[in-house]
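Fold and contact review
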Amino acid sequence: MSAPTALPYVAHVARDEVIQHAAVRLVGVTKTFGSVTAVDDLDLEIRDGEFFSMLGPSGSGKTTVLRMIAGFEAPTSGRVFLGGVDVTREAPFNRDVNTVFQDYALFPHMDVLTNVEYGLRVKKVPRGERRERALAALDTVRLTGYADRRPTQLSGGQRQRVALARALVNRPKVLLLDEPLGALDLKLRREMQIELKQIQREVGITFCFVTHDQEEALTMSDRIAVFNHGRVEQVATPTELYEAPQSSFVAGFVGTSNLLTGADARAVFGREGTFSIRPEKVQLDEDAGGPPKASGVVQAVVYLGSVNHYLVELDGGSTLTVLRQNLHGTADQALGRRGERVDLTWADEHVIDLGTEAGSPAAGVPAEEGGIP
Ligand code: ADP
Ligand code: MG
């Protein structure tokens, strides 16, 4: 694979001037639609060459951010930089970015090769080079030999690869992907996650990937920004997000939150606060090495094939999910434990201290009234 070409981020700025800057930088970006604030005073930096994901629930502003980076929407206030250059007022075609959408948006009457070449044809790239680059892009997405097919003769996964090839062929500095795997079934989606990450490594292009699927974000990303109500709650690597979430919203959105608060926090930790322990870090009585940290009653057992989830209600009212691999016994034995009283234990280093999050939206108190001390 050849190195990405030294195209500048913006057509009329020399690359030397911009090389030391972040691939994408948003400074104080707000976007309102009437009375809706879709994006709220956002600062964000995406590094050159990284696989960056924007993760958050539906309506949290991810697509709006992507559209402002691409130039399809103008911010209400704030500035957008690509490679250190202010592009806030630049048209989409003046920005060295390409977008891959969930619905592929392929031309049905053109074959695969013509679809992939399309952007180069618009840019008046000579025919021979166009063809060569399009075939190379099809190679990159593992579609060698499919050049003559029509989109209708392809599976969903293959169509998504064509859409990806069509964006990669332009060799953009930044590739924007908006839930591109959302229409694929789970098995194919998992395969494509791993492949997308490999492709990103091979081509070395900065990927900015939007998803509401935490597993998808954890699988592929170098760093993840967690969105909530048009704001970013935390930007971190997958491991940091999972092991050290900074808010109960992040703890709950990335993984199962397992919050201990109120009477349970006082009983277990001897103080007020919100604490979280991941389900796989909690042990049920017979696995436990040390003395129990808490006890409660099994409210439900969810059978998931390779693992079971035990939902245990503690004496103070918090519910913890405990994950156990199905190493021993039968599913029926596990399911039969509903109503049983059990002891729980965990290692102290696995407790995530979320502080006294009075101001956290996840705690149900508006930020204006609470405020994190
Ligand atoms: P996400 O991609 O995270 O699901 P969006 O960026 O699509 O979120 O939307 C964020 C918020 O902005 C939502 O409340 C949505 O309804 C609103 N919104 C997005 N685009 C428009 C638009 N063109 N007109 C009005 N409201 C919009
Ligand atoms: Mg969206």
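The structure displayed is predicted, hence computed values, not measured ones.

Take the sheet that holds strand β4 (residues 77–82) next. Reading across from one edge, β2-β1-β4-β5 is the order of the 4 strands in this open sheet, with antiparallel pairing throughout. Among the strands making up the open sheet, the edge pair consists of β2 (36–46) and β5 (85–86). Two strands pair when backbone bridges link them, and strand β1 (residues 24–33) and β4 are joined in this way by 5 bridges, in the antiparallel orientation. Bridging from a neighbouring strand, Val27 pairs with Arg79 of β4.

As enumerated under the stated definition, the model contains 22 salt bridges in all. Among the ionic pairs, Glu45 bridges to Arg25, the shortest N-O distance being 3.0 Å. Highlighted residues: Glu45 in strand β2 and Arg25 in strand β1, separated in sequence by 20 residues. For Glu45, a relative accessible area of 34% translates into the label partly exposed. The salt bridge partner of Arg67 is Glu73, with a shortest N-O separation of 3.4 Å. By relative accessible area, Arg67 is classed as partly exposed at 31%. Residues joined by salt bridges that share partners form a network here, namely Arg142, Arg161, Glu195 and Glu202.

Moving on to empty space enclosed by the protein. All told, the structure shown has 1 cavity of 30 Å³ or more when counted by the stated rule. Looking at the largest cavity, its volume works out to about 40 Å³. Lining the largest cavity are Val100, Gln160, Leu164, Leu177, Pro180, Leu181, Met192 and Leu196. Those elements giving two or more residues to the lining of the largest cavity turn out to be α4 (156–168) and α5 (186–203).

With that settled, the discussion passes to the site of ligand 1. Neighbouring residues of ligand 1: Phe33, Val36, Ala38, Pro57, Ser58, Gly59, Ser60, Gly61, Lys62, Thr63 and Thr64. Between ligand 1 and Lys62, the relevant distance is 2.8 Å, taken from an oxygen atom to a side-chain nitrogen or oxygen of the residue. Between ligand 1 and the protein, one listed contact pairs an oxygen atom with a side-chain N or O atom of Thr64 at 2.5 Å. About the coverage of ligand 1: the protein hides 59% of its 560 Å² of free accessible area. If you list the elements that add at least two residues to the shell around ligand 1, you get β2 and α1 (62–70).

Right, let's talk about the confidence of the model for the protein for a bit. Averaged over every residue, the pLDDT of the protein is 88; residues scoring 70 or more account for 89%. Confidence drops under pLDDT 50 across residues 1–8; counting only partners more than four residues distant or on other chains, this segment forms 17 contacts. A low-confidence stretch, residues 358–373 (pLDDT under 50), is modelled with 17 contacts involving residues beyond four sequence positions or located in other chains.

Overall, the coordinates contain 5 aromatic pairs when judged by the stated rule. Centroid distance Phe269 to Phe275: 4.0 Å. Interplanar angle 25°. Geometry classified as stacked. For Phe269, a relative accessible area of 24% gives the class partly exposed. Counting every residue linked through ring pairs, the aromatic cluster contains Phe51, Phe207 and Phe209. Against the face of Phe107 rests Arg166, its NZ or CZ located 5.9 Å from the ring centre.

Criteria and thresholds
Residues numbered from 1 in each chain as written. Chains lettered and ligands numbered in written order. Predicted model: local features only at pLDDT ≥ 70, side-chain atom pairs only at ≥ 80, totals over all residues. Heavy atoms only, no water. Pairing = 2+ DSSP bridges. Helix = DSSP H or I, 4+ residues; strand = E, 2+ residues; numbered from the N terminus. Salt bridge = Lys/Arg side-chain N within 4 Å of Asp/Glu carboxyl O. Buried < 20%, exposed > 50% of the residue type's maximum accessible area, 1.4 Å probe, protein only. 1 Å grid on protein atoms, 1.4 Å probe; cavity = no way out; pocket = protein on both sides within 12 Å on 5 of 7 lines; lining within 4 Å. Points joined across faces, edges and corners; volume = space filled by probe spheres on them. Near = heavy atom within 4 Å. Polar contact = N/O pair within 3.5 Å; in protein donor to acceptor, adjacent residues only side chain to side chain. Areas by Shrake-Rupley, 256 points an atom, 1.4 Å probe, with all protein chains shown as cover. pLDDT = per-residue confidence, 0-100. Contact = heavy atoms within 4.5 Å. Phe/Tyr/Trp six-rings, centres within 6.5 Å; stacked < 30°, edge-to-face > 60°. Lys NZ or Arg CZ within 6 Å of the ring centre and 35° of its normal.

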